[in-house]
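Chain by chain, the residues run as shown.
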Amino acid sequence: MEKKYKIVLAGNPNSGKTSVFNALTGARQHVGNYPGVTVEEIIGSFKVGDCKINVTDLPGTYSLTANSPEELIARNVIITEKPEVVVNVVDASNLERNLFLTVQFMELGVPMILVLNMIDNARDKGIEINIDRLEKLFGTRVVCTVGNKSEGINELKKVIGEVVLEKEKHTSKKVNYSDELTIPIQGVSKLLVENNLVPEGYKADWLAIKLLEKDKEIIELIESLESGKKVLEQANVFIAKLEDDVDEPSEIVVTEHRYGFISGACREVVNTSLQKRRDVSEAIDSIVTHRIFGIPLFLGLMYVVFYLTFTIGNPFMEWIQYGFDWLGGFVSSWWPAGSESDLKSLLVDGIIAGVGGVLVFLPNITFLFLAIAILEGTGYMARVAFIMDRLMNKIGLHGKSFIPMLIGFGCSVPAIMGTRTLNLKRDRMTTMLVVPLMSCGARIPIYALIIPAFFSKQLEAPVMFSIYLIGIIVAILCAKLLRSTLFKGENEPFVMELPPYRIPTFKSIGIHMWGRTVVYLQKAGTLLLAASVIFWILGNYPKKDKLTRDYAGEIVKVEQSKVPQDEKKAKIQSIRNEKKAELLSYTCTGWVGHAIEPALKPMGFDWKIGTALIGAFPAKELFVSQMGIVFALGDIDQENPVSLREELPKHYNGLQAYCIMLFCLLSAPCIATFAVTKRESNSWFWALFQLLGLTVLAYLVTTIVYQVGLLFMTV
Amino acid sequence: MTIVNNMPVVSLTFAPAGAKLIVVSTSGGREFERKIAALGIYADEELEIVERHSQGALVINVKGTRLAIGQGMSKKIKVKVI
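Just so we're clear, the structure is a prediction, and the values are computed from it rather than from any experiment.

**Observations concerning the overall build of chain A**
Phase 1 of the analysis: Secondary structure assignment for chain A yields 32 helices and 10 strands.
Phase 2 of the analysis: Once the C-alpha set of chain A is aligned to its principal axes, its extents read approximately 105 × 60 × 55 Å.
Phase 3 of the analysis: Put simply, chain A shows about 32,400 Å² of open surface, and 61% of that area lies on carbon and sulfur atoms.
Phase 4 of the analysis: For chain A, the distance from the average site of its 73 positive side-chain charges to the average site of its 74 negative ones is 4 Å.

The structure is reproduced here in structure tokens:
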């Protein structure tokens, strides 16, 4: 029978942990979220002999103290789920820093395998590691790997197979600290044991170390137990004495001793033969993070990313469009030509058109995911966050907020999914809520419809620019407002490792990009389907029984008349369109459009615009086709909406047109954004807050612009 | 093992780039200090400024890796030249 074992993979960020994980498990991965937090839980599996090994890839951390959600999760998974073994991946070329986490696993006293990853890199740098000595010092097996080349992976699998069978033999050694620290640890540990304050799954020594580190979670855990508060007070006597003796906070003493142990170990096992020379990464950084060239270089690079997103994405978009058109035509052909069936309309006009309207953006979204994966994989993202930190600080955000906001110009969906790199909830929520204000790709068809219709050639570019600029300014103001009201708190101090530049493998980029795309499709897809059906119903019901004109009769008349065939067709089409328009104005969507007309008046909108705006909720660019229906122009070609461009100036002036664009820019985000915000914030409240908040904001801003504009126009 | 010399204690913001520095103290609250200590910035540890950016933002070299540090943070680390 097949035996199942559970292990975890842990290590510092930038230790190449994910490449080891990918090499171990291949494509058999499942990405989920840890309950209640937006930290990714990645699970995979592989086989050794007749054992099936399930691997959890823990979030990358430097420590196991309650400094961040990632660190808490990493240690809680180990304590509560009791994996058979912790596979600790370390960067072999930088043992001293990486072993800091290793020592903390030793404190936990868990079975462990030490993986010296990127061993090739270490050898190039002239670093030699005495493996036997290291194994003896730490009491664990040590395996050397090169994760991104899959070197040493089979050996690692073999060792994992051996260790899970006899894990007692491979439990890491206890770390021996000097008496200075050992005495208070043992004192506190004894107190906990004597008072029965060691919960199931914990070790007394480890709890004592955490109390010395003043770990919030553990203090709360002990406090919650009977007589816990009293014992904590007694424990504080030990801590106070230690702090008195060395004149330093106890948490820093613990850190110093850990690093002390490590530097002792490194002296024994590491032999560096080459002199340190200025490496390639440093040379690249002197340009990339340059105080003058850094930002222009980055903006140039992002220009290329967006340019490629839309140029490479476009042919794929057209294919998808053709695909959905074909599918629509195919489904229509099940019914006899000219017949009118509700089911057909639901399938073709509702589901296929609605879902298709959003899925055409899939190539763009995937491409942006790809770009993010590459920028992250090379290590460039950390640099961008650094050079942008000063700017972002001014609006109360972290340097890392900049990237999601920029990605927002392409599409809000990957942008919002990108906010999970932010540690603090207040930074993450603020960024998430303002991202839709960055004018995304789906708004472009709206601008492309309106700007040439209302503004002279010379004004086109400035008008377009002003829309984007307003979005940015409003986003900055909103971020400032949110950070000083709902998400108060100091700016998080910026500190980030600048890892050496690396060339990411195709495999790792592919896995990353694919994983995110699947999540997007699952989350947005289901909601999108529901929304398409709902909005189809709203846009088709109730049906008007008595029409003002006898459309069928008119069509028959035209057919019998003696005009050329082309003219006949055009006339019939225009009669059909007029009927469609009349029907729409009677439906829920039309009714709501009419009903809210008085409320829309201050913005200069009539019921037709209102109706189209409601119909465009699933995806922004649907506004164009909705306007087409309202104005009885039939199906509008989004690429070249000539007829609508001619029609609109007959009904609206330039100010109204500008206000339409402004409202589309600022108002409720599309259904996919709504779905992703719900997922990433883990709350319907914030998703709805964003939806309603932005709509109210759009209403206010557009009203002010219209009213002020009117004053100027009458002068 | 604090190294005793006569060099003045300054915040990292004003320390010279390229010179070997030793951390004298850190401030900014327990959580923050514990966090940067885990990254290798704590009293008696050596570090070096690799590059200085405007308003106190820095790239430093500590324990074999380069860390980028934001403007607000360099004020909270007191160092002296060794």
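From this point, the narrative continues.
**Topic: the overall build of chain B**
Phase 1 of the analysis: Helix and strand counts for chain B come out as 2 helices and 6 strands.
Phase 2 of the analysis: When the helices and strands of chain B are listed from N to C terminus, the series reads β-β-α-β-β-β-α-β.
Phase 3 of the analysis: The principal-axis extents of the C-alpha atoms in chain B amount to approximately 30 × 25 × 20 Å.
Phase 4 of the analysis: Counting every position in chain B, which comprises 82 residues, the buried fraction comes to 54%.
Phase 5 of the analysis: Taking as baseline every contact in chain B between residues at least 6 positions apart, the subset at least 24 positions apart corresponds to 60%.

**Things to note about the pattern of salt bridges**
Residues and elements named next belong to chain A.
Phase 1 of the analysis: Throughout the structure, instances matching the rule amount to 30 salt bridges over all chains.
Phase 2 of the analysis: Across the pair Lys6 and Glu81 runs a salt bridge, and its minimum N-O distance is 2.2 Å. In this pair, Lys6 sits in strand β1 (residues 3–11) while Glu81 sits in helix α2 (residues 69–81), placing the two residues 75 residues apart along the sequence.
Phase 3 of the analysis: Classification of Glu81 by relative accessible area gives partly exposed; the value is 35%.

**What about the sheet that holds strand β10 (residues 495–498) of chain A?**
Phase 1 of the analysis: The sheet built from 7 strands is open, its strands ordered β10(A)-β5(B)-β4(B)-β3(B)-β2(B)-β6(B)-β1(B) with antiparallel pairing. The open sheet terminates on both sides in strands that have one partner only, identified here as β10 of chain A together with β1 (10–11) of chain B.
Phase 2 of the analysis: One ladder, built from 5 bridges, connects strand β4 (residues 58–62) of chain B with strand β5 (residues 65–69) of chain B; its direction is antiparallel. Note that in β5(B) the partner of Ile60(B) across the bridge is Leu67(B).
Phase 3 of the analysis: Together, β10 of chain A together with β4 and β5 of chain B form the strand contacts of helix α16 (residues 380–394) of chain A, whose direction differs from that of β10(A) by roughly 140°.

**Describing a nonpolar patch on the surface**
Phase 1 of the analysis: Together, Tyr303(A), Val304(A), Tyr307(A), Leu308(A), Ile312(A), Phe316(A), Trp319(A) and Tyr322(A) line one region of the surface with nonpolar side chains, adding up to about 890 Å² of accessible area.
Phase 2 of the analysis: Along the chain, Ile312(A) falls in helix α13 (residues 294–332).

**Quick word on the packing of aromatic side chains**
Residue and element names in this part refer to chain A.
Phase 1 of the analysis: Applying the stated criterion across every chain, the model contains 22 aromatic pairs over all chains.
Phase 2 of the analysis: When the ring of Trp334 is compared with that of Trp335, the centres are 6.3 Å apart and the planes differ by 35°; the resulting orientation is tilted.
Phase 3 of the analysis: Classification of Trp334 as exposed rests on a relative accessible area of 55%.
Phase 4 of the analysis: Ring geometry for Phe605 and Phe663: centres 5.8 Å apart, planes at 85°, overall edge-to-face. Here the residue Phe605 occupies a position in the loop between α26 (597–600) and α27 (607–615), and Phe663 occupies one in helix α30 (residues 654–666), the gap between them amounting to 58 residues.
Phase 5 of the analysis: Ring pairs connect the aromatic residues Trp326, Phe330, Trp334 and Trp335, which therefore count as one cluster.
Phase 6 of the analysis: Positioned above the aromatic ring of Tyr541, the side-chain terminus of Lys543 is 5.0 Å from the ring centre.

**Notes on the interface of chain B and chain A**
Phase 1 of the analysis: Taken together, the 34 residues of chain B in the interface contact 41 residues of chain A.
Phase 2 of the analysis: In total, chain B and chain A occlude about 3,300 Å² of area from one another, counting both sides; carbon and sulfur atoms represent 53% of this.
Phase 3 of the analysis: In terms of surface lost to chain A, no three residues of chain B exceed Arg34(B), Lys63(B) and Arg66(B), which account for 23% of the buried area on that side.
Phase 4 of the analysis: Two residues, Arg66(B) and Asp285(A), come together in a salt bridge whose shortest N-O distance is 2.8 Å.
Phase 5 of the analysis: The interface formed by chain B and chain A includes 12 residue pairs in polar contact (both at pLDDT 80 or more).
Phase 6 of the analysis: Those elements that place two or more of their residues in the side of chain B that touches chain A are α1 (30–38), β3 (46–52), β4, β5 and α2 (71–74) of chain B.
Phase 7 of the analysis: When grouped by side-chain class, the residues that make up the side of chain B that touches chain A number 15 nonpolar, 9 polar and 10 charged.
Phase 8 of the analysis: Strand direction decides the pairing type here: β10(A) and β5(B), joined by 4 bridges, are antiparallel. Following the sheet pairing, Glu497(A) is matched in β5(B) by Leu67(B).

**A closer look at helix α1 (residues 17–25) of chain A**
All names here are of chain A.
Phase 1 of the analysis: Along α1, 8 of the 9 residues are buried, which leaves the element largely enclosed by surrounding structure.
Phase 2 of the analysis: When α1 is considered as a whole, its buried residues turn out to be Lys17, Ser19, Val20, Phe21, Asn22, Ala23, Leu24 and Thr25.
Phase 3 of the analysis: Backbone geometry just after α1 places Gly26 at a positive phi near 65°.

**As for the pairing of β5(B)**
As a general feature of sheets, a regular strand has side chains that alternate between the two faces.
Residue and element names in this part refer to chain B.
Phase 1 of the analysis: The element β5 is extensively covered by neighbouring structure, given that 5 of its 5 residues are classed as buried.
Phase 2 of the analysis: Here β5 shows no split at all, with Thr65, Leu67 and Ile69 on one side and Arg66 and Ala68 on the other all buried.
Phase 3 of the analysis: Taken together, β4 and the strand that follows it, β5, pair antiparallel across an intervening segment of 2 residues, in which Lys63 is found at a positive phi of about 50°.

**Examining the packing of helix α3 (residues 95–108) of chain A against helix α11 (residues 250–269) of chain A**
Residues and elements named next belong to chain A.
Phase 1 of the analysis: It is the contact of α3 with α11, at a shortest axis distance of 9 Å, that shows an interaxial angle of 115°. Between α3 and α11, the angle falls in the class roughly perpendicular. The two elements α3 and α11 cross, and the hand of that crossing is right-handed. Along its contact with α3, which presents Leu95, Glu96, Arg97, Leu99, Phe100, Val103, Gln104, Met106 and Glu107, the element α11 presents Thr255, Arg258, Tyr259, Phe261, Ile262, Ser263 and Cys266.
Phase 2 of the analysis: Looking at the contact of α3 with α11, its residues break down into 9 nonpolar, 3 polar and 4 charged.

**A closer look at the environment of Thr695(A)**
Residues and elements named next belong to chain A.
Phase 1 of the analysis: For Thr695, the location among the structural elements is in helix α32 (residues 684–714).
Phase 2 of the analysis: Separated by 189 residues in sequence, Thr695 and Phe506 place their C-alpha atoms 41 Å apart.
Phase 3 of the analysis: Polar contacts involving the side chain of Thr695 include one to the main-chain carbonyl oxygen of Leu691, which spans 2.7 Å.

**Considering the side chain of Arg34(B)**
Phase 1 of the analysis: By secondary structure assignment, the location of Arg34(B) is in helix α1.
Phase 2 of the analysis: Setting aside anything within four residues of it in sequence, one finds Arg34(B) in contact with Thr65(A), Ala66(A), Asn67(A), Glu213(A), Lys214(A), Asp215(A) and Glu251(A).

**Section: the packing of helix α24 (residues 565–586) of chain A against helix α25 (residues 588–595) of chain A**
Residues and elements named next belong to chain A.
Phase 1 of the analysis: One way to put it is that α24 packs onto α25 with a least axis distance of 4 Å and a crossing angle of 70°. With respect to α25, the element α24 is oriented roughly perpendicular. Every residue of α25 that contacts α24 at Leu584, Ser585 and Tyr586 is listed here: Cys588, Gly590, Trp591 and His594.
Phase 2 of the analysis: Residues of the contact of α24 with α25, tallied by class, amount to 4 nonpolar, 3 polar and no charged.

**Some thoughts on the nonpolar core**
In a soluble, globular protein the nonpolar side chains are often hidden away together inside.
Residues and elements named next belong to chain A.
Phase 1 of the analysis: In this structure, Phe298, Phe605, Phe623, Met627 and Met661 are the most contacted members of the largest nonpolar core, which totals 104 residues.
Phase 2 of the analysis: It is α30 that provides the largest number of residues to this core, a total of 11 residues.
Phase 3 of the analysis: Not counting residues up to four positions away in its chain, the partners in contact with Met661 are Tyr447, Ile450, Ile451, Phe455, Val463 and Ile467.
Phase 4 of the analysis: Ranked by size, the runner-up nonpolar core spans 67 residues in total, among them Val77, Met112, Val146 and Leu197.

**Topic: helix α15 (residues 362–378) of chain A**
Phase 1 of the analysis: The first and last C-alpha atoms of α15(A) sit 24 Å apart over 17 residues, in line with the 24 Å expected at 1.5 Å per residue.
Phase 2 of the analysis: Burial analysis of α15(A) places 13 of its 17 residues in the buried class, the great majority of the element.

**Some remarks on the state of the cysteines**
Residue and element names in this part refer to chain A.
Phase 1 of the analysis: This structure, assessed with the given rule, holds 0 disulfides over all chains.
Phase 2 of the analysis: The cysteine Cys659 is free of any disulfide, with Cys664 supplying the nearest cysteine sulfur at 11 Å.
Phase 3 of the analysis: On the accessibility criterion, Cys659 (0% relative accessible area) is buried.

Thresholds, definitions, all that
- Residues numbered from 1 in each chain as written.
- Chains lettered and ligands numbered in written order.
- Predicted model: local features only at pLDDT ≥ 70, side-chain atom pairs only at ≥ 80, totals over all residues.
- Heavy atoms only, no water.
- Helix = DSSP H or I, 4+ residues; strand = E, 2+ residues; numbered from the N terminus.
- Areas by Shrake-Rupley, 256 points an atom, 1.4 Å probe, with all protein chains shown as cover.
- Lys, Arg positive; Asp, Glu negative; His and termini not counted.
- Charge placed at Lys NZ, Arg CZ, Asp CG, Glu CD.
- Buried < 20%, exposed > 50% of the residue type's maximum accessible area, 1.4 Å probe, protein only.
- Contact = heavy atoms within 4.5 Å.
- Salt bridge = Lys/Arg side-chain N within 4 Å of Asp/Glu carboxyl O.
- Pairing = 2+ DSSP bridges.
- Axes fitted to C-alpha atoms, helices over the stretch in contact; angles between N-to-C directions.
- Patch = residues over 30% accessible without salt bridge, like charges linked within 9 Å, V, L, I, M, F, W, Y side chains within 5 Å.
- Phe/Tyr/Trp six-rings, centres within 6.5 Å; stacked < 30°, edge-to-face > 60°.
- Lys NZ or Arg CZ within 6 Å of the ring centre and 35° of its normal.
- Buried area = accessible area lost by both parts, 1.4 Å probe.
- Polar contact = N/O pair within 3.5 Å; in protein donor to acceptor, adjacent residues only side chain to side chain.
- Nonpolar A, V, L, I, M, F, W, Y, C, P; charged D, E, K, R; others polar.
- Parallel < 35°, antiparallel > 145°, perpendicular 65-115°, else oblique.
- Left-handed = near helix turned anticlockwise from the far one by under 90°.
- Core = buried A, V, L, I, M, F, W, Y, C linked by side-chain atoms within 4.5 Å.
- Expected span 1.5 Å × (residues − 1).
- Disulfide = S-S within 2.5 Å.

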